[in-house]
Protein chains: 2
Amino acid sequence: MPKAKEEDFLPLRDSVYNKLRQSILTGEFPAGERLMEVHLGDKLGVSRTPIREAIRMLELEGLVTMIPRKGAMVAQITEKNMSDVLEVRRALDILCVQLACERITSEGISDLKKARDAFEKAVETNDSRVIAQADVEFHNVIISATGNDRLISLEDSLSLPMYRYRYEYIKDSSGHDNLVKEHRRIVNAIEKRNAEIAAEAAGEHIDNQRRSIIRQIRMDREEETMNALYGKRK
Amino acid sequence: MPKAKEEDFLPLRDSVYNKLRQSILTGEFPAGERLMEVHLGDKLGVSRTPIREAIRMLELEGLVTMIPRKGAMVAQITEKNMSDVLEVRRALDILCVQLACERITSEGISDLKKARDAFEKAVETNDSRVIAQADVEFHNVIISATGNDRLISLEDSLSLPMYRYRYEYIKDSSGHDNLVKEHRRIVNAIEKRNAEIAAEAAGEHIDNQRRSIIRQIRMDREEETMNALYGKRK
DNA sequence: CCGTGGTATTATGTATACAATCATGATATT
DNA sequence: AATATCATGATTGTATACATAATACCACGG
């Protein structure tokens, strides 16, 4: 008898939530797009109720903006907004590696090394999607090693807004050599349980990310301005 | 003509959310209490729909726990749980004062001093509720000075779980002299824009809070154990 | 041609109805 | 007496219906 029976029940709101989130992060729903309940309901084959609940969840995560009596729309990514998120993430990423230095098990260190190697292999493929995925995995190992559930879920939700820029960030990083070097430095520091070096490395790591993402946002905005001035293709 | 007309519309879900949150934080709904939709709806005079949406929001903030097909209950506060939150808050509080050192305006400094003085006056009243309120105000000034909206909302939601212990924490702090001293130290550091000292002071400030809250949780748990062994009054 | 007002449409806010599942308890059987 | 099974009630999950506010469009007047 399959014992997984009660656990695998997924309320519609959750699958709707996942679907909407995916659509936003991949850019299928661009920033500013209105999210209309009946429309989404028809598209996904469910009623308005689960849609509403999913939208409430996305709102709490900052992926959608709600205006009472007007509805929900995909949140705009502004430079200020992203800068705020990155500022917080910098502090939390540093906390992650510091805690990891204290608490990581030998098994965790082995996982970390595996993730590092997997990332370096991914870099060789030169496929942004593969690299991005390996990068996420690498960070997840560190975050899990902290054993702090609240920190884990926070990191998760703070990463979301940036996924919209992750591919460009990966592509942008000239040569990826820096990324590999930074990862190696972090792994070494954690293995030696040297929190100070680890914190420094993690800080630089996200500072680089920040520069790349901010540049990307400015390019996007410039493009939008051009479109507004000279008419956008449609 | 009163211009505040469109803004003051509050959907029921929000007022329900506020009401439930208040009930949880003040202990009216103790940890473990089941939150049943029809029951709450009757009590508050609304239908299930706004109740459900409010509960979803509370879940995202970690104040209630949901089990599919079984319903929602007020989240248990475990020592691990609170420890995780405090660990994160420590990092974010330090980030707050560091950013405040960089960015606070002269007006902000003046507000900060006012809040400090108000807190010291509140201490003299010896009324825990007044002191707790002044303490919150003091921290809010610092948090606002960072100008980081994401940080502001995160600090807000991470403070929530601790409000259930705030009064005891205030009462517990022997003499409150420490609190006054710590606040003064933080204000001085921010005024001189000395991020290092400010960070150190903020760290100690929350470490003290941590000790007090953990002690409180252990006392609560002990009491519960006694009740379970010898029968609880009802 | 522009502005104002009114109406119609659309989308959200809220309530209620229906379906599915879980818990509880009673009854019957071993 | 203990356990198993079925029935009943209660509670959540989902869908739909109704009310209300916002928007868009058109007509009318200046």
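Residues numbered from 1 in each chain as written. Chains lettered and ligands numbered in written order. Predicted model: local features only at pLDDT ≥ 70, side-chain atom pairs only at ≥ 80, totals over all residues. Heavy atoms only, no water.

Peer 1: Kindly report on the environment of Leu112 of chain A, identifying the contributing residues and their values.
Peer 2: All names here are of chain A. If you trace the backbone, Leu112 turns up in helix H5 (residues 106-125). Judged by its relative accessible area of 2%, Leu112 falls in the buried class. Sequence separation between Leu112 and Val187 is 75 residues, and the spatial gap between their C-alpha atoms is 7.0 Å. Once residues lying within four places of it in the same chain are set aside, the contact partners of Leu112 are Ile104, Phe138, Val141, Ile142, Val187 and Ile190. (Helix = DSSP H or I, 4+ residues; strand = E, 2+ residues; numbered from the N terminus. Buried < 20%, exposed > 50% of the residue type's maximum accessible area, 1.4 Å probe, protein only. Contact = heavy atoms within 4.5 Å.)

Peer 1: I'd love a proper account of the interface of chain A and chain B, names of residues and values included.
Peer 2: Counting from both sides, the interface comprises 32 residues of chain A and, opposite them, 32 residues of chain B. At the boundary of chain A with chain B, the tally comes to eight salt bridges. Where the side of chain A that touches chain B is concerned, the elements lending two or more residues are helix H3 (48-60), helix H4 (79-103) and helix H7 (149-172) of chain A. By residue number, the principal contributor to the side of chain A that touches chain B is H4 of chain A, which donates 11 residues. Across the side of chain A that touches chain B, the residue classes tally to 16 nonpolar, four polar and 12 charged. (Salt bridge = Lys/Arg side-chain N within 4 Å of Asp/Glu carboxyl O. Nonpolar A, V, L, I, M, F, W, Y, C, P; charged D, E, K, R; others polar.)

Peer 1: Kindly report on the packing of helix H4 (residues 79-103) of chain B against helix H6 (residues 128-145) of chain B, identifying the contributing residues and their values.
Peer 2: Residues and elements named next belong to chain B. Contact pair H4 / H6: the axes reach a minimum separation of 7 Å and the direction vectors enclose 60 degrees. Classed by the angle they form, the pair H4 and H6 counts as oblique. In the packing of H4 onto H6, the handedness of the crossing is left-handed. Facing H4, whose interface residues are Cys96, Val97, Ala100 and Arg103, H6 presents Ile142, Ile143 and Ala145. Tallied by class, the residues present in the contact of H4 with H6 amount to six nonpolar, no polar and one charged. (Axes fitted to C-alpha atoms, helices over the stretch in contact; angles between N-to-C directions. Parallel < 35°, antiparallel > 145°, perpendicular 65-115°, else oblique. Left-handed = near helix turned anticlockwise from the far one by under 90°.)

Peer 1: Tell me about the protein's contact with DNA strand C, and please be specific about residues and values.
Peer 2: Taken together, the neighbourhood of DNA strand C is formed by 20 residues, with Arg48 and Arg52 of chain A together with Leu12, Ser47 and Thr49 of chain B sitting nearest. Sugar plus phosphate: this is where 64% of the atoms of DNA strand C within 4 Å of the protein reside. Between DNA strand C and the protein, one listed contact pairs a sugar or linking oxygen with a side-chain N or O atom of Arg69 of chain A at 3.2 Å. Within the contact set of DNA strand C, a phosphate oxygen lies 3.4 Å away from a side-chain nitrogen or oxygen of Arg13 of chain B. Broken down by secondary-structure element, the contributors of at least two residues to the surface near DNA strand C are strand E1 (34-35) and H3 of chain A together with helix H1 (12-25) and helix H3 (48-60) of chain B. Residue composition of the surface near DNA strand C, by class: six nonpolar, three polar and 11 charged. (Near = heavy atom within 4 Å. Polar contact = N/O pair within 3.5 Å; in protein donor to acceptor, adjacent residues only side chain to side chain.)

Peer 1: I'd like a rundown of the layout of surface pockets, residues and numbers included.
Peer 2: All names here are of chain B. Considering only enclosed or pocket space, the second largest pocket measures out at about 1,300 Å³ in volume. If you go around the second largest pocket, you meet 43 residues; those closest to its centre are Ile24, Leu25, Tyr163, Arg164 and Tyr165. Within the residue set of the lining of the second largest pocket, elements represented by two or more residues are H1, H4, H6, helix H7 (149-172) and helix H9 (195-230). Of all the elements, H7 adds the most residues to the lining of the second largest pocket, at 10 residues. Here the residues of the lining of the second largest pocket are counted per class, giving 15 nonpolar, 13 polar and 15 charged. (1 Å grid on protein atoms, 1.4 Å probe; cavity = no way out; pocket = protein on both sides within 12 Å on 5 of 7 lines; lining within 4 Å. Points joined across faces, edges and corners; volume = space filled by probe spheres on them.)

Peer 1: Account for the pattern of salt bridges, naming residues and giving values.
Peer 2: Residues and elements named next belong to chain B. As enumerated under the stated definition, the model contains 38 salt bridges over all chains in all. Arg13 is paired through a salt bridge with Glu53; the nearest N and O atoms lie 3.5 Å apart. On the criterion of sequence distance, the pair formed by Arg13 in helix H1 and Glu53 in helix H3 is long-range, its members being 40 residues apart.

Peer 1: Outline the relation of the copies chain A and chain B, supporting the account with residue identities and numerical values.
Peer 2: When chain A is fitted onto chain B, the two copies agree to an RMSD of 0.1 Å after a turn of 180 degrees and an axial shift of 0.0 Å. In short, the pair behaves as if placed about a two-fold rotation axis. When the interface residues of chain A are mapped onto chain B, 100% of them again fall at the interface, so both copies present the same face. (Least-squares fit on C-alpha atoms with pLDDT ≥ 70 in both.)

Peer 1: Summarise the protein's contact with DNA strand D; cite the residues concerned and give the values.
Peer 2: Looking at DNA strand D, there are 19 residues lining it, with Leu12, Ser47, Thr49 and Lys70 of chain A together with Arg48 of chain B nearest. Within 4 Å of the protein, the atoms of DNA strand D are drawn from sugar and phosphate moieties in a proportion of 60%. With respect to DNA strand D, the backbone of Leu12 of chain A contributes an N or O atom lying 2.8 Å from a phosphate oxygen. Backbone polar atom of Ser47 of chain A to a phosphate oxygen of DNA strand D: 2.8 Å apart, as the coordinates give it. Those elements that provide at least two residues to the surface near DNA strand D are helix H1 (12-25) and H3 of chain A together with H3 of chain B. Looking at side-chain class alone, the surface near DNA strand D contains six nonpolar, three polar and 10 charged residues.

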